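Below, each chain spelled out in residue letters.
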Amino acid sequence: MKKRYLYLLLLPGVLFLTIFMIVPIFLTIGTTFFNESGFTIQGYLDFFKDRYFIEILLTTLRVSLFTTIICILFGFPAAYYISKLGKRTKAIMLLLTIFPLLTSPVVRSFSWMVIIGKNGVINKLLLSMGLIDKPLDILYTPTAIIIGLVHLFLPLIIVTLVGVMENIETDLLKAAESLGASRLAIFSKVIIPLSVPGLVIGSILVFVGSFTAYTTPALLGGKQRVISTFLYQNAITLNEWQVASIVATIMIAVTVLIISIMNGLAKKLNPKG
């Protein structure tokens with residue numbers, strides 16, 4: 001009876017996800033394999049022969065990868081510091097970390113346009129200090145997209161890592177220290193392996209979010225295309241829904257592949273986790 005009751009509680013959520021997410025995804029994927037002549041994969045073959053699309057895909061992967069790496073480098077030490085604070089201070093720091101998520105990505109992107117534009121704060125500061133002779137071209141480049149995405153997704157990886165790091169027993173660190181391990185050895189052989197689950201989850205959130213983000217690349221990237229803006233262009237501007245469906249399917253496939261690779265890597269780094 002208890003199991004049936006639990007299944008009934010799950011039913012509304014399962015039906016909602018099935019009707020509004022799973023069914024549309026399968027319908028979208030299905031339309032890419034059929035045309036007037038019947039079953040075909042010609043659309044995919046044409047896409048992967050197109051150097052323009054391949055360049056867009058590679059640019060998107062590079063941007064997502066660099067965003068993830070930078071978020072890890074910045075987020076890991078910040079999360080470790082926050083996890084060692086007292087409860088009250090930790091709560092305040094987490095609140096400050098999460099606070100930027102309450103701001104619209106559009107507002108944040110326009111803020112970065114003011115900061116990194118040719119007449120922006122950074123260029124004016126560097127010119128006034130005599131470090132550069134002419135304004136740097138940062139805006140409307142992959143670098144600008146990466147800056148915006150790091151600002152957007154860094155809180156996610158910090159919060160995820162804090163949840164894992166605060167559960168690392170202090171006794172383990174003291175035991176390693178008592179056995180003669182240096183601080184670097186404790187960090188690399190105790191803290192990092194135990195933080196792998198949070199690191200993997202946070203990395204997946206950042207990579208997938210960066211790979212599928214639209215607003216930030218559209219505003220900060222300008223004419224620099226990524227796969228999400230390319231999809232929007234085909235669906236809304238060119239009204240090429242078949243092409244847009246193929247792009248969406250490729251995005252789903254790449255996302256699933258990356259998640260599988262990261263999970264496999266996590267099992268190797270932390271087999272017992």
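Check the entry above for the structure.
The structure reproduced in this document is the subject of the present report.

The rules behind these values
- Residues numbered from 1 in each chain as written.
- Predicted model: local features only at pLDDT ≥ 70, side-chain atom pairs only at ≥ 80, totals over all residues.
- Heavy atoms only, no water.
- 1 Å grid on protein atoms, 1.4 Å probe; cavity = no way out; pocket = protein on both sides within 12 Å on 5 of 7 lines; lining within 4 Å.
- Points joined across faces, edges and corners; volume = space filled by probe spheres on them.
- Helix = DSSP H or I, 4+ residues; strand = E, 2+ residues; numbered from the N terminus.
- Nonpolar A, V, L, I, M, F, W, Y, C, P; charged D, E, K, R; others polar.
- Phe/Tyr/Trp six-rings, centres within 6.5 Å; stacked < 30°, edge-to-face > 60°.
- Buried < 20%, exposed > 50% of the residue type's maximum accessible area, 1.4 Å probe, protein only.
- Salt bridge = Lys/Arg side-chain N within 4 Å of Asp/Glu carboxyl O.
- Polar contact = N/O pair within 3.5 Å; in protein donor to acceptor, adjacent residues only side chain to side chain.
- Contact = heavy atoms within 4.5 Å.
- Expected span 1.5 Å × (residues − 1).
- Bend = angle between axes of the 7 residues up to and from the residue.

**Notes on the layout of surface pockets**
Okay, step 1: A volume near 300 Å³ is recorded for the largest pocket.
Okay, step 2: Around the largest pocket, the lining is made up of 15 residues, and of these Thr 68, Ile 72, Ser 203, Met 262 and Leu 265 lie nearest the centre.
Okay, step 3: Going through the elements one at a time, helix H3 (51-83), helix H9 (183-212) and helix H12 (241-269) are the ones with two or more residues in the lining of the largest pocket.
Okay, step 4: Partitioned by chemical class, the residues of the lining of the largest pocket number 13 nonpolar, two polar and no charged.

**Topic: the packing of aromatic side chains**
Okay, step 1: For the coordinates displayed, the defined rule picks out 13 aromatic pairs.
Okay, step 2: Summarising the aromatic geometry, the rings of Tyr 80 and Phe 187 are spaced 6.3 Å apart at their centres and angled 85° between planes, so their arrangement reads as edge-to-face. Of the two residues, Tyr 80 sits in helix H3 while Phe 187 sits in helix H9, which places them 107 residues apart along the sequence.
Okay, step 3: By relative accessible area, which is 25% here, Tyr 80 ends up partly exposed.

**So, the pattern of salt bridges**
Okay, step 1: Throughout the structure, instances matching the rule amount to three salt bridges.
Okay, step 2: Ionic pairing is found between Glu 55 and Arg 62, a salt bridge with its closest N-O pair at 3.3 Å.
Okay, step 3: Under the relative-accessibility criterion, Arg 62 is labelled partly exposed at 40%.

**Here's the deal with the side chain of Ser 203**
Okay, step 1: Here Ser 203 lies in helix H9.
Okay, step 2: Engagement of the side chain of Ser 203 in a polar contact is seen with the backbone oxygen of Leu 199, the distance being 2.7 Å.
Okay, step 3: What Ser 203 contacts, discounting residues up to four positions off in sequence, is Thr 68, Ile 72, Ile 157 and Met 262.

**A closer look at the environment of Leu 101**
Okay, step 1: Structurally, the position occupied by Leu 101 is in the loop between helix H4 (87-98) and helix H5 (105-116).
Okay, step 2: Judged by relative accessible area, Leu 101 falls into the partly exposed class, the value being 34%.
Okay, step 3: Between the C-alpha atoms of Leu 101 and Leu 152, which are 51 residues apart in sequence, the distance is 7.2 Å.
Okay, step 4: In contact with Leu 101, not counting residues within four places along its chain, are Arg 108, Leu 152, Pro 155 and Leu 156.

**A short note on helix H7 (residues 142-165)**
Okay, step 1: In this model, H7 (24 residues) spans 32 Å end to end at C-alpha, consistent with the 34 Å of a helix rising 1.5 Å per residue.
Okay, step 2: In the structure, H7 departs most strongly from a straight axis at Phe 153, where the bend amounts to approximately 40° and where the proline Pro 155 lies between one and four residues downstream.

**So, empty space enclosed by the protein**
Empty pockets left among the atoms are what a rolling probe the size of a water molecule brings to light.
Okay, step 1: Under the definition given, this model contains one cavity of 30 Å³ or more.
Okay, step 2: The calculated volume of the largest cavity comes to roughly 40 Å³.
Okay, step 3: Lining the largest cavity are Pro 105, Arg 108, Ser 109, Trp 112, Gly 148, His 151, Leu 152, Thr 216 and Leu 220.
Okay, step 4: Among the elements that line the lining of the largest cavity, the one with the most residues is H5, at four residues.
Okay, step 5: Of the residues belonging to the lining of the largest cavity, the class tally is four nonpolar, four polar and one charged.

**Things to note about unusual backbone geometry**
Okay, step 1: Its identity as a non-glycine residue notwithstanding, Tyr 140 has a phi of 65°, on the positive side.
Okay, step 2: Position of Tyr 140 relative to the elements: it lies in the loop between helix H6 (121-128) and H7.

**A word on the side chain of Thr 32**
Okay, step 1: Counting through the fold element by element, Thr 32 comes out in the loop between helix H1 (2-31) and strand S1 (34-35).
Okay, step 2: The exposure class assigned to Thr 32 is buried, which follows from its relative accessible area of 2%.
Okay, step 3: A distance of 2.5 Å separates a polar atom in the side chain of Thr 32 from the backbone oxygen of Ile 29.

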